[in-house]
Amino acid sequence: MNTVSPTKKAIGTFSLWDMFIIIGFVTTSLIVSLVTGQFSWLSFIGGTFSILCVIFGAKGNMLNFVFGLSGSLISGYIMFRSGIYAMAAFYILYNVPMQFVGWHKWHSIRLKPESKVVRTRWMNWTQRIIMVAVTAALIFLFRYILSRFTDDAQPLSDAAAVSVAIVTQFVLVFAFIEQWFLWIVMDIVMGIVWIISWRSGVPHAAIQFVLEMFYLINATRGIFLWMKLEKSNGNE
């Protein structure tokens, strides 16, 4: 009997929207790089991995953790080279190991044993209040640490981005739909970070800004896809 690997099945399910995100990122990155005279192969490759990560994430597909691992390693290095230390630490010390945690967790809450698609759900109001409170506390803590003990180029925005990212990755692991609203907040904050870095002449900033904008588009779509998945869960 012929069998098809999960990777081939997943790649075969790319929609026109997915292709728009992939081709749009590649094309826009090249155009922006030509206009600004700033091109980074590292940002380009890391961005491509990260785009594939969020596309599979929007589908609720476990392969998002495979591409997320590669993208996180590259992003961590880029953040460190750009002087955005809190986000660099987030990617290397937190996001990388969380890819393994996420794979394991999603494996246990799949729709079906043979499926690569996760069972999505909403938080209750108590969980949402805790989520917001923890995020606010982390922003205050990281803002203090970065301002007092480092020469971080953007301590407030860096603290906000890493705090939202930490909470969002945790929420993602447990397959809560609210993660997408948090990703939107993070993408907006990081967009601002990269605009400031871009104007300061940071070589990776142009492509990273483009990447954040496509993240933002995909996160908006992710809300609707996961809501659809959540409704289908009730019919399983």
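Residues numbered from 1 in each chain as written. Predicted model: local features only at pLDDT ≥ 70, side-chain atom pairs only at ≥ 80, totals over all residues. Heavy atoms only, no water.

1. Regarding the packing of aromatic side chains
Logical step 1: For the structure on display, the rule yields 16 aromatic pairs.
Logical step 2: Relative to Phe44, the ring of Trp41 has its centre 5.9 Å away and its plane inclined at 90 degrees; by these criteria the two rings are edge-to-face. Here the residue Trp41 and the residue Phe44 both occupy positions in helix α3 (residues 41-58), the gap between them amounting to three residues, near one helical turn.
Logical step 3: Consider the rings of Phe56 and Phe67, whose centres lie 5.6 Å apart with planes at 10 degrees: the pair is stacked. With Phe56 in helix α3 and Phe67 in helix α4 (residues 64-81), this residue pair connects regions lying 11 residues apart in the sequence.
Logical step 4: Through successive ring pairs, a cluster of aromatic residues spans Phe14, Phe49, Phe56 and Phe67.
Logical step 5: Directly above the aromatic system of Trp125 lies the positively charged group of Arg128, at a separation of 4.6 Å from the ring centroid. (Phe/Tyr/Trp six-rings, centres within 6.5 Å; stacked < 30°, edge-to-face > 60°. Helix = DSSP H or I, 4+ residues; strand = E, 2+ residues; numbered from the N terminus. Lys NZ or Arg CZ within 6 Å of the ring centre and 35° of its normal.)

2. Regarding helix α8 (residues 179-199)
Logical step 1: Compared with an ideal rise of 1.5 Å per residue, which puts 21 residues at 30 Å, α8 spans 30 Å between its outermost C-alpha atoms and is within 8% of the ideal.
Logical step 2: Following α8 by one or two positions, Gly201 has its phi on the positive side, about 90 degrees. (Expected span 1.5 Å × (residues − 1).)

3. Side note on a nonpolar patch on the surface
Logical step 1: A contiguous nonpolar patch, built from Leu30, Phe39, Trp41 and Ile45 and spanning about 410 Å² of accessible area, is present on the exposed surface.
Logical step 2: Positionally, Ile45 belongs in helix α3. (Patch = residues over 30% accessible without salt bridge, like charges linked within 9 Å, V, L, I, M, F, W, Y side chains within 5 Å. Areas by Shrake-Rupley, 256 points an atom, 1.4 Å probe, with all protein chains shown as cover. Salt bridge = Lys/Arg side-chain N within 4 Å of Asp/Glu carboxyl O.)

4. Some details on the environment of Arg121
Logical step 1: Inspection of the secondary structure puts Arg121 in the loop between α5 (85-108) and α6 (125-149).
Logical step 2: Accessibility expressed as a relative area gives 34% for Arg121, which makes it partly exposed.
Logical step 3: In this structure, Arg121 is in contact with Phe174, Ala175, Phe176, Ile177, Glu178 and Glu230, ignoring residues within four places of it in sequence. (Buried < 20%, exposed > 50% of the residue type's maximum accessible area, 1.4 Å probe, protein only. Contact = heavy atoms within 4.5 Å.)

5. Describing the pattern of salt bridges
Logical step 1: Counted by the stated rule, this structure contains three salt bridges.
Logical step 2: In this structure, the salt-bridge partner of Asp18 is Arg221, at a minimum N-O distance of 3.0 Å. On the criterion of sequence distance, the pair formed by Asp18 in helix α2 (residues 16-36) and Arg221 in helix α9 (residues 205-233) is long-range, its members being 203 residues apart.
Logical step 3: Where Glu178 meets Arg128, a salt bridge forms, and the shortest distance between an N and an O atom there is 2.8 Å. Here Arg128 lies in helix α6 and Glu178 lies in the loop between α7 (155-173) and α8, a separation of 50 residues in the sequence.
Logical step 4: Given the relative accessible area of 18%, Arg128 is considered buried.
Logical step 5: Connected via shared salt-bridge partners are Asp18, Lys59 and Arg221.

6. Focus: the environment of Asp152
Logical step 1: Locating Asp152 in the fold gives a position in the loop between α6 and α7.
Logical step 2: Residue classification places Asp152 among the buried residues on the basis of a relative accessible area of 8%.
Logical step 3: Here the alpha-carbon distance between Asp152 and Ile84, two residues 68 residues apart in the chain, equals 5.9 Å.
Logical step 4: Discounting chain neighbours no more than four positions away, the residues touching Asp152 are Gly83, Ile84, Tyr85, Ala86, Leu146 and Asp158.
Logical step 5: At 3.3 Å, the side chain of Asp152 forms a polar contact with the backbone nitrogen of Tyr85. (Polar contact = N/O pair within 3.5 Å; in protein donor to acceptor, adjacent residues only side chain to side chain.)

Scope: geometric values only; no functional claims are made or implied.
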